[in-house]
Amino acid sequence: MLHDALRFFPGGDRAIEVELGDGMDFSLNFTVHRLVAAVREARIAAIEDLIPELASFQITYDPDRIRYEDLTAEITAIYARIGQGISGSLSSRLITMPVCYFEAETTACIDDYRKTYPDKRPDPDLVAEMNALPDRAALARRHSGTEYWVAALGFWPGLCSLLPLRPGARIFAPKYNPPRTWTPKGAVGIGGALSCIYPDRTPGGYQLIGRCPAPIYDRDQRLPAFRDSLALLKAGDRVRFQPVPAEECARIDAEVAAGTYRHDILEYQIFSVDQYLAWAAQQETRP
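Below is a summary of the structure that appears in this document. (Residues numbered from 1 in each chain as written. Predicted model: local features only at pLDDT ≥ 70, side-chain atom pairs only at ≥ 80, totals over all residues. Heavy atoms only, no water.)

1. So, the overall build of the protein
Next, step 1: Across its full length, the protein holds 7 helices and 14 strands.
Next, step 2: For the protein, whose C-alpha radius of gyration is 20 Å, the value lies close to the compact-globule estimate of 19 Å for 287 residues.
Next, step 3: Viewed in the frame of its principal axes, the protein has a C-alpha envelope of about 55 × 50 × 40 Å.
Next, step 4: Across the 287 residues that make up the protein, the buried fraction comes to 48%.
Next, step 5: Within the protein, residue pairs in contact and separated by at least 24 positions form 65% of the contacts whose partners lie at least 6 positions apart.
Next, step 6: Here the protein has roughly 14,000 Å² of accessible surface; of this, 51% comes from carbon and sulfur atoms.
Next, step 7: Side chains of the protein carry 32 positive and 38 negative charges; the gap between the two charge centres is 4 Å. (Helix = DSSP H or I, 4+ residues; strand = E, 2+ residues; numbered from the N terminus. Rg over C-alpha atoms; globule rule 2.2 N^0.38 Å. Buried < 20%, exposed > 50% of the residue type's maximum accessible area, 1.4 Å probe, protein only. Contact = heavy atoms within 4.5 Å. Areas by Shrake-Rupley, 256 points an atom, 1.4 Å probe, with all protein chains shown as cover. Lys, Arg positive; Asp, Glu negative; His and termini not counted. Charge placed at Lys NZ, Arg CZ, Asp CG, Glu CD.)

2. A look at the pattern of salt bridges
Next, step 1: Counted by the stated rule, this structure contains 16 salt bridges.
Next, step 2: Residue R7 pairs with E19 through a salt bridge whose shortest N-O separation is 4.0 Å. Of this pair, R7 sits in strand 1 (residues 2-10) while E19 sits in strand 2 (residues 15-21); the two residues are 12 residues apart in sequence, bridging distant segments of the chain.
Next, step 3: Take E19: its relative accessible area is 24%, and that puts it in the partly exposed class. (Salt bridge = Lys/Arg side-chain N within 4 Å of Asp/Glu carboxyl O.)

3. Some details on empty space enclosed by the protein
Next, step 1: Summed over all chains, the structure comprises 1 cavity of 30 Å³ or more.
Next, step 2: If you add up the space inside the largest cavity, you get close to 40 Å³.
Next, step 3: Along its surface, the largest cavity is lined by H143, Y148, P164, A169, I171, I190, A193, L194 and S195. (1 Å grid on protein atoms, 1.4 Å probe; cavity = no way out; pocket = protein on both sides within 12 Å on 5 of 7 lines; lining within 4 Å. Points joined across faces, edges and corners; volume = space filled by probe spheres on them.)

4. Things to note about the layout of surface pockets
Next, step 1: Empty space within the largest pocket amounts to approximately 460 Å³.
Next, step 2: Taken together, 19 residues make up the lining of the largest pocket; nearest its centre are H33, R40, K234, A235 and G236.
Next, step 3: Among the elements of the structure, helix 1 (26-42), strand 3 (47-52) and strand 5 (89-91) are those that each provide at least two residues to the lining of the largest pocket.
Next, step 4: With 5 residues, helix 1 is the single largest residue contributor to the lining of the largest pocket.
Next, step 5: Taken together, the residues of the lining of the largest pocket break down into 8 nonpolar, 4 polar and 7 charged.
Next, step 6: In this structure, the second largest pocket spans a volume of roughly 400 Å³.
Next, step 7: Looking at the second largest pocket, it is lined by 19 residues, and the ones nearest its centre are G154, F155, L159, S161 and Y206.
Next, step 8: Of all the elements in the fold, those that place two or more residues in the lining of the second largest pocket are strand 7 (147-153) and strand 8 (160-164). (Nonpolar A, V, L, I, M, F, W, Y, C, P; charged D, E, K, R; others polar.)

5. With respect to the packing of aromatic side chains
Next, step 1: Tallied over the full model, the rule gives 12 aromatic pairs.
Next, step 2: Pairing F26 with F30 gives two aromatic rings, centres 5.9 Å apart and planes at 35 degrees, and the pair type is tilted. Of the two residues, F26 and F30 both sit in helix 1, 4 residues apart, roughly one turn of that helix.
Next, step 3: Taking 6.0 Å as the distance between ring centres and 40 degrees as the angle between the ring planes, the aromatic pair formed by Y276 and W279 counts as tilted. Residue Y276 and its partner W279 are both found in helix 7 (residues 273-285); the two are separated by 3 residues, about one turn of the helix.
Next, step 4: The exposure class assigned to W279 is partly exposed, which follows from its relative accessible area of 34%.
Next, step 5: Grouping aromatic residues by their ring pairs yields a cluster made of F26, F30, W149, F271, Y276 and W279. (Phe/Tyr/Trp six-rings, centres within 6.5 Å; stacked < 30°, edge-to-face > 60°.)

See below:
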């Protein structure tokens, strides 16, 4: 999945897209995060921001302080120094997100879309069938039966791309064609091999299977988890989905509205990629 060498693409006169490979793969994404961490540690004064993505990352920089050619040469040297080996550890918060599967708001969104496109199968039934699952309950069990790696953020403030860490929990689904014009805030969707949580009411194309009442984006920063940022999740975090019934979902909605909800966040976690890859290999070989 990794390219033989880094590929650089200018984004105007203040940005560079650095592509490491092609695909939605944990090992590739971890290499992206590892290189981004090394670039941060190098403290190149002209760099203003680093944005990790699935198989690449973006650099914004001050062209009056460093030339494009010189900056790409420095990034190439850092990559050569750290190597392409998948090893090491990173700080990785574990965040538990309550989710109500197949609840009223996402069901209403799906039904609204099907008024215009009646041949569209309800999302949970389509996803269950495509993954050889017998029913919606089995889909919920598989989706909630793993931690997810926050591989990237983008397209909307706080919107996360989540990779399942347990191999047996992988779920695949096509995107809507054409996309929806609206999606409930907090909706949980699946597109390709990724899961996501919609941070706000936006258009969208992922198949919807539930809703998280606890927000991942707070424009007004009312809740304690958003004291330092509008977005809850960071690349390299892990997310665990905790199924809750409709009554519990409504209670959390009320706490969020009152500004009293507190997210379940473990700040002190360390993620060892060596131990994870060994564990994942064992999972793959189990009958």
